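A closer look at the structure
Next come the chains, spelled out residue by residue.
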Amino acid sequence: MIKTSFDLRKYKMQIGLILIIGLVILLFIITSPEVFLRPSIYLAYLTTIPFVGIMGLGLTFVLASGEIDLSFASVMAFAGYVCAVMVDLTGSVTVGIIGGLLSGAVIGALNGLFIRKIGIPSIVVTLGMMFLIRGAVNLLSGGLGKSLTFLIGTPWHSILVGKIGGRFPAHALWFLALAVVLWFVLFRHRFGNHVLFSGDNEGAAWMMGINVDWVKIKVFILMGILAAFAGIIDSFRLLKWWPTMGEGFLLTTFASVFVGGTSMFGGEATILGTFIGAYLIGSLEAGIVAAGLSGFWTRFIYGFLILVAVTIHTILRKGRES
Amino acid sequence: MPLVEMRDIHKYFGTVVALRGVDFVVEENEVVGLIGDNGAGKSTLIKILSGVFPPTKGEIYIKGQRIDPRRYSVREAHRLGIETVFQEQALGIKQSIWRNLFLGREPANALGFLKVTQARDETYKLMRQVLRFRGGGVSPDAPVRTLSGGERQGVAIGRAMYFEADLVILDEPTRALSVQEVQKVLNFIRTLKDRGKSCVYISHTIANVYAVSDRFVILDRGKVVGEYRRDEVSEPELNEILIELHESRAQEEFQENSS
Ligand SMILES: Nc1ncnc2c1ncn2[C@@H]1O[C@H](COP(=O)(O)OP(=O)(O)OP(=O)(O)O)[C@@H](O)[C@H]1O
Ligand SMILES: [Mg+2]
């Protein structure tokens, strides 16, 4: 039999990340104990971070498959809009949610088809799609937001973004559940295996009978659905939809995924890393502000953290090779 | 009825003509040595047979059954019992040995979730009993990039050994292998023959091809220019034929360039 003992070294990246989070929080506790020794700040994190986190999970798949997506933050707004309009039209929240998710899937499929069937690099296609979708959202909505206060008390509102026990945000659990499911899909399912090989060596995947085009199109559909889901629950949480929704999320999502340890080169990814990375990136701003530093510091510290984390990941990877 | 019959196969890559009317047959329980210069079209021919890409023109019959090129694929080739070790090795080097071994044919439950323990155990068995990796010290979880060139080739050939096939196609399988390892590959071809299977063996090392093949097909610039049964030709003669071919080709190219 093969030794199947739990190999700690395999997880040193993730352990390192958890240590960094611990250190960051310790730093925050020292600089602003009045904020970071109370549970409310942590509940606030659980409330605000899952949106970036859920899109980060999708982006992890996209990067694992050797592609990139810049359009998901626009898709977030688009799907939120489709959902709100369909609820208006049909009076059914269920139909609205399904419609919103479908719109994300369709945009993802379009991304995938342009990339794989026409052969345009993903960075170009999704850049175009980012502007196109954001523009479409503004044109359709006339630049105006939509109030969704009628959602209060509906079952879907409680299921998606309700407060469990009056405090704990339900969507933090959705993020957790999605992370677990998507871990199994990426590392314990045929589809995930094909995603990894498509990103690792596309030619090899073809020669072993993997339809790389379809695998990648499915990855973009998954990304679209996850971005749509993030958009729907974000507008549910705030009881309103607005056309600039998600605009600040593009780069923080990338930051979360890279800090988490997923590489740009394809074939390698970490779901746990993305999960931790989202909380790490998402916790910085509040801590920096609470420490009395100006908002200008936020970007500086983001940048610093990204460079440090990615350097450590790269050195660790090189170490494994030799 | 031959196991495989390819008729009048043409293949263009844009303006490059890789194959121009090739007829190629593999009989039941036959080892065919496919030989020819660099760029002759050997890999192109066997990739068509393996379902990697369709021919531009031509017909393929497998076990007497006409193949529809639009519906043919690597998966379909696997299903029909054709197993190929590609010249490019077709490995994802960031992935583990077991993932590479089972790529495209992962053991999984009804929902598609992998049977990881089974895949790892089978890989381990193959590595120990057949490939004899460093005395079994390598874990099936090791990423392929940590393996030596010969071990990587072992993983690629291991696929063909693991999945029982009626026709095994080996494209330059002995590249990067030591003398002992080459003997293992040749023995593998002999056991295929003993078990009634067929094999297409591509190599530039004529001594190896001659040692195990029943018949030789010589390809040159996309055409079959010679076909010999083993009893029709000796190894030095076969070498001589290839050298002459090479020289006449060089001469033609020289004339083309100077005219
Ligand atoms: N995917 C491709 N795209 C364009 N041209 C190709 C492609 N594959 C092969 N060719 C061309 O087709 C011709 C035949 O190549 P092929 O790989 O079949 O030769 P080969 O006989 O296997 O050579 P070698 O012994 O060097 O492996 C060459 O001129 C090659 O450049
Ligand atoms: Mg070749």
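Position labels on residues start from 1 in each chain and follow its written sequence. Chains and ligands are labelled sequentially in the order written, the chains with letters from A and the ligands with numbers from 1. Residue-level local features of this predicted model are given only where pLDDT is at least 70; pairs of side-chain atoms are given and counted only at 80 or more, and the full residue set underlies all totals for whole chains, interfaces and linings. The side-chain figures draw on all heavy atoms in the structure; neither hydrogens nor water molecules are used.

Quick word on the sheet that holds strand β9 (residues 215–220) of chain B
Residue and element names in this part refer to chain B. Put simply, the test is: Here, a strand pair is defined by DSSP locating no fewer than two bridges between the strands. Numbered from the N terminus, helices here are DSSP runs of H or I no shorter than four residues, and strands are runs of E no shorter than two. Whenever a helix is involved, its axis is fitted only over the stretch in contact; in every case the axis is a line through C-alpha atoms, and angles between N-to-C directions fall within 0 to 180 degrees. Between two residues, a contact is recorded if the distance between any of their heavy atoms is within 4.5 Å.
Here we have six strands laid out as an open sheet, ordered β6-β7-β8-β3-β9-β10, and mixed in their pairing. At either margin of the open sheet sits one strand with a lone partner, and together these are β6 (82–85) and β10 (223–229). Here the average twist between neighbouring strands, direction ignored, is 15°. Direction of pairing for β6 relative to strand β7 (residues 167–171): parallel, over a ladder of four bridges. Of the residues in β7, the one forming a bridge with E83 is V168. Docked against the sheet, helix α1 (residues 42–50) engages β3 (31–35), β6, β7, β8 (198–202) and β9, running at close to 150° with respect to β7.

Points about unusual backbone geometry
Residues and elements named next belong to chain B. To be explicit about the condition: Accessibility here uses a 1.4 Å probe with only protein chains present; expressed as a share of the type maximum, an area under 20% marks a residue as buried, one over 50% as exposed, and anything in between as partly exposed.
With a phi close to 55°, N29 is a non-glycine residue in the positive phi region. The phi torsion at K63 lies on the positive side, around 50°, for a residue other than glycine. Look at K63 and you get partly exposed, because its relative accessible area is 33%.

Digging into the layout of surface pockets
Residues and elements named next belong to chain A. Threshold: The pocket and cavity definitions rest on a 1 Å grid over protein atoms only: a 1.4 Å probe that fits but cannot leave marks a cavity, an open set with protein on both sides within 12 Å along at least five of seven lines marks a pocket, and residues lining either have an atom within 4 Å of a point. Grid points are joined across faces, edges and corners, and a volume is the space filled by probe spheres set on the points. Any residue that is not Ala, Val, Leu, Ile, Met, Phe, Trp, Tyr, Cys, Pro, Asp, Glu, Lys or Arg is counted as polar, Gly included; the first ten are nonpolar and the last four charged.
In this structure, the second largest pocket spans a volume of roughly 710 Å³. What lines the second largest pocket is a set of 25 residues, among which G248, T252, I281, E285 and Y302 lie closest to the centre. Only α4 (50–64), α13 (249–260), α14 (271–290) and α15 (296–321) provide two or more residues apiece to the lining of the second largest pocket. Across the lining of the second largest pocket, the residue classes break down as 14 nonpolar, seven polar and four charged.

Some details on the interface of chain A and chain B
Interface extent is often summarised as the accessible area lost during association of the parts. Operational definition: As used here, buried area is the combined drop in accessible area, with a 1.4 Å probe, of two parts when they are placed together. We count a salt bridge whenever a side-chain nitrogen from Lys or Arg sits within 4 Å of a carboxyl oxygen from Asp or Glu. We call two N or O atoms a polar contact when they sit within 3.5 Å, provided that within protein one can donate a hydrogen and the other can accept it, with sequence-adjacent residues counted only if both atoms are side-chain atoms.
In this assembly, 29 residues from chain A lie in contact with 32 residues from chain B. Carbon and sulfur atoms supply 58% of the area buried between chain A and chain B, which totals about 2800 Å² over both sides. Between the two partners, chain A and chain B, sit two salt bridges. Here A:E268 ties to B:R145 by a salt bridge, and the two come within 3.2 Å at their closest N and O atoms. For the pair chain A and chain B, the interface holds 17 residue pairs in polar contact (both at pLDDT 80 or more).

Details of the confidence of the model for chain B
Worth spelling out the cut-off: Confidence scores here are pLDDT values: one per residue, from the predictor, ranging 0 to 100.
For chain B, per-residue confidence averages 93 on the pLDDT scale, and 98% of positions sit at 70 or higher. The complex model carries a pTM of 0.93, and its ipTM stands at 0.92.

Focus on the coordination of the magnesium ion (ligand 2)
All names here are of chain B. For the record, the criterion: For Na, K and Ca the donor cut-off is 3.2 Å, while for other metals it is 2.8 Å, and in both cases only N, O and S atoms qualify; water is not among them, so sites may look incomplete.
Protein coordination of the magnesium ion (ligand 2) is provided by S43 (OG) and Q87 (OE1), with donor distances spanning 1.9 to 2.1 Å. With a gap of 44 residues between them, S43 in helix α1 and Q87 in the loop between β6 and α3 (97–101) connect regions that are remote in the sequence. Residue class for Q87 comes out partly exposed when judged on its relative accessible area of 28%.

Here we look at the side chain of A:S65
Along the chain, the position of A:S65 falls in the loop between α4 and α5 (72–90). Separated by 2.8 Å, the side chain of A:S65 and the backbone oxygen of A:V62 make a polar contact.

Focus on the pattern of salt bridges
Proximity of charged atoms lets side chains of opposite charge pair with each other. Residues and elements named next belong to chain B. Under the definition given, this model contains 33 salt bridges over all chains. Of the charged contacts in the structure, one is a salt bridge between K57 and D8, with a shortest N-O distance of 3.2 Å. Of this pair, K57 sits in strand β4 (residues 57–62) while D8 is found in strand β1 (residues 4–13), placing the two residues 49 residues apart along the sequence.

With respect to the site of ligand 1
All names here are of chain B. Worth spelling out the cut-off: Summary of the distance rule: residues count as near a molecule or strand when at least one heavy atom falls within 4 Å of that molecule or strand. Under the convention used here, a 1.4 Å probe and the Shrake-Rupley method define accessible areas, while residue burial counts only the protein chains that appear.
Close contacts around ligand 1 come from F13, A18, D37, N38, G39, A40, G41, K42, S43, T44, Q87 and H204, and that covers them all. G39 has a polar backbone atom sitting 2.8 Å from an oxygen atom of ligand 1. Contact distances for ligand 1 include 2.7 Å between an oxygen atom and a side-chain N or O atom of S43. Alone, ligand 1 offers 630 Å² of accessible surface; in the complex the protein occludes 63% of this. With three residues, α1 is the largest single contributor of residues to the shell around ligand 1. Classifying every residue of the shell around ligand 1 by side-chain character gives three nonpolar, seven polar and two charged.

Side note on helix α12 (residues 212–238) of chain A
Owing to its 3.6 residues per turn, the α-helix aligns residues three or four sequence positions apart on the same side. Residues and elements named next belong to chain A. To keep things clear, this is the line we draw: The span one expects for a helix is its residue count, reduced by one, times 1.5 Å.
Its 27 residues place the ends of α12 39 Å apart at the C-alpha level, agreeing with the 39 Å of an ideal helix rising 1.5 Å per residue. Burial of α12 is extensive: 21 of the 27 residues sit out of reach of the surface. Just downstream of α12, L239 is the residue with a positive phi angle, here 55°.

What to know about the sheet that holds strand β5 (residues 65–66) of chain B
Residue and element names in this part refer to chain B. The antiparallel open sheet is built from four strands, whose spatial order is β2-β1-β4-β5. A strand with exactly one partner marks an edge of an open sheet, and here the two such strands are β2 (16–26) and β5. Here five bridges tie β1 to β4, and the two strands are oriented antiparallel to one another. Residue pairing for β4: E5 is matched across the bridge by Y61. The strands touched by α1 within the sheet are β1, β2 and β4, with β1 carrying the most contacts at an inclination of about 115°.

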